[in-house]
Structure formats: C-alpha cells, structure tokens
Amino acid sequence: SQQGEEDPQALSIQEGENATMNCSYKTSINNLQWYRQNSGRGLVHLILIRSNEREKHSGRLRVTLDTSKKSSSLLITASRAADTASYFCATFWGSARQLTFGSGTQLTVLP
Amino acid sequence: DTAVSQTPKYLVTQMGNDKSIKCEQNLGHDTMYWYKQDSKKFLKIMFSYNNKELIINETVPNRFSPKSPDKAHLNLHINSLELGDSAVYFCASSHEYLYNSPLHFGNGTRLTVT
C-alpha cells in the first residue's frame, strides 16, 4: 500500500506567500525525501532528512520530521511563480528496500 | 549534458504490440530504476537494478522486463501491450542502493496504448 500521502492535494497561493505541504507515512523509515516535478518533466530531488533529524533547511526550503507522528512538512518561503509544480514526499524503509512516493501536492503560485 | 536520458519521449502504439523504452545515465551511478506514474500522478516503483541484484515489484506483470546491457543503461521491454499500460514511465538512477542517496530522474516517456 502507499507509504506516503501528501496533504493538501492542491494548494494555490499568491507570489510572496509561504506554502506548507504535509506528508504522512505508515511505517518506520530510514529517511524521508522531498521532490519537485514540473509539468512534463521528471522529478527533481529537493532535500533529504534522516530519521534522527528533526529539521533541515535548504535555501527557501524548510523540512521538518516528526517520527512520533510519522509526518513531515515542507515549507517554501517567499514563493515565486517558478515554484509552481507538484511536490512529492518519498520514504525509504529498509525492509522494502525501495523509495516509495506519495501522490503529491500540486502547488500553484499566482503572480 | 543530460544526466538521465530516456527515449522516446512519446510512444503511441496499439494493443498487443511489443515496445521498448531506453534509458541511459552518465552519472556513474550503480543502481537504476523504473517507475510508472499514472494519470493521478501516483508513482509506483517497478524495478530496481544494480550489477548484483534485480528487485521486481511483485505487482508488475511479467509482460514487463528490464534489460541492462551495462550499468549505464536500463531498458524497459513491454510485451503484449494493454490499454492499462498507458502512463508515464520514468527511469531513475542513484549512486548507491538507495540508503541516503537521492534519485536522479529522466524526463519520462509518455506511453499511450490505443
């Protein structure tokens, strides 16, 4: 069954606002990763957070991980129209030996 | 230079045909993957392969088979295509077998079966 699920499924904001996307998963993980997919393109890796980390930053991105709640959030600050894309969380869990993706959040940033 | 490249980008074919999608990576990675993305954007792993091991998702029909002539290439062969095979197929690669190693994706092959 699907390991990660994003919430919301779709998010529309104005340029300059912050965007927050959430991811919930079901089993213990080794790490959690976030990817971006622009329309008609492949996925691009954004950030990886290990199970023993609670927060990680990369430029305008901030990722948190709460293993007790089996959830993660991705915050994009000061959003730009170019941030319009689908965002996926993916979890790696050792017993499955594979990276399992959620269904994604479609983010639209309006200029 | 494109890191992970797939060909063709679009593939339209009829039911019952056999087709192949090629994938090449120039990153020096030792593990490659095939993912299927459906119309709702849900990504499902089909295969993962390195020079030692092929792991097949048990839900993948045996009409699908990966072929790796060398560690820079992992092609996907599909026999007896069905309507439900229509999807976008993504090839990806990583440096080591997944643990703490991000995936690099190709731009996908949109397969339409009519």
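See the structure printed just above.
Small disclaimer: the values here were computed from a predicted structure and weren't measured.

Thresholds, definitions, all that
Residues numbered from 1 in each chain as written. Chains lettered and ligands numbered in written order. Predicted model: local features only at pLDDT ≥ 70, side-chain atom pairs only at ≥ 80, totals over all residues. Heavy atoms only, no water. Helix = DSSP H or I, 4+ residues; strand = E, 2+ residues; numbered from the N terminus. Disulfide = S-S within 2.5 Å. Buried < 20%, exposed > 50% of the residue type's maximum accessible area, 1.4 Å probe, protein only. Core = buried A, V, L, I, M, F, W, Y, C linked by side-chain atoms within 4.5 Å. Contact = heavy atoms within 4.5 Å.

K.L.:
Honestly, unusual backbone geometry in this entry has me stumped. Any pointers?
P.N.:
Across the chain, the bulk of peptide bonds are trans and the bulk of non-glycine residues have phi less than zero. Residue proline 8 of chain A is bonded to the preceding aspartate 7 of chain A through a cis peptide linkage, with omega at 0°. Cis geometry marks the peptide bond from threonine 7 of chain B to proline 8 of chain B, where omega comes out at 0°. Turning to its location among the elements, proline 8 of chain B is positioned in the loop between strand E1 (4–7) and strand E2 (10–13). We note that lysine 70 of chain A has phi near 50°; this positive angle belongs to a residue other than glycine. At lysine 41 of chain B, a residue that is not glycine, the phi angle is positive and equals roughly 70°.

K.L.:
Could you clarify how one ought to interpret the state of the cysteines in this entry?
P.N.:
By definition, a disulfide links the sulfur atoms of two cysteines through a covalent bond. All chains considered together, the criterion is met by two disulfides over all chains. A sulfur-sulfur separation of 2.0 Å characterises the disulfide bridge that pairs cysteine 23 of chain A with cysteine 89 of chain A. Judged by the torsion about the S-S bond (65°), the cysteine 23 of chain A/cysteine 89 of chain A disulfide is right-handed. With cysteine 23 of chain A in strand E3 (residues 19–25) and cysteine 89 of chain A in strand E9 (residues 85–93), this residue pair connects regions lying 66 residues apart in the sequence. Like cysteine 23 of chain A, the residue cysteine 89 of chain A is buried in the burial classification. The disulfide that involves cysteine 23 of chain B links it to cysteine 91 of chain B, with 1.9 Å between the sulfurs. One disulfide, between cysteine 23 of chain B and cysteine 91 of chain B, carries an S-S torsion of -75° and so falls in the left-handed class. Linking cysteine 23 of chain B in strand E3 (residues 19–25) with cysteine 91 of chain B in strand E9 (residues 87–94), this pair joins segments that are 68 residues apart in sequence. Residue classification places cysteine 91 of chain B among the buried positions, given a relative accessible area of 0%.

K.L.:
Help me out: how do you make sense of the nonpolar core in this one?
P.N.:
Nonpolar side chains in soluble globular proteins generally cluster together in the buried interior. All names here are of chain A. Among the nonpolar cores identified, the biggest contains 21 residues, and Leu32, Trp34, Leu74, Ile76, Tyr87 and Leu107 are the most heavily contacted of them. If you list the elements that add at least two residues to this core, you get E3, strand E4 (31–37), strand E5 (43–50), strand E7 (61–66), strand E8 (71–76), E9 and strand E11 (105–110). Leave out the neighbours within four places in its chain, and leucine 107 touches Leu11, Ile13, Ala19, Met21, Ile76, Asp83, Thr84, Ala85 and Tyr87.

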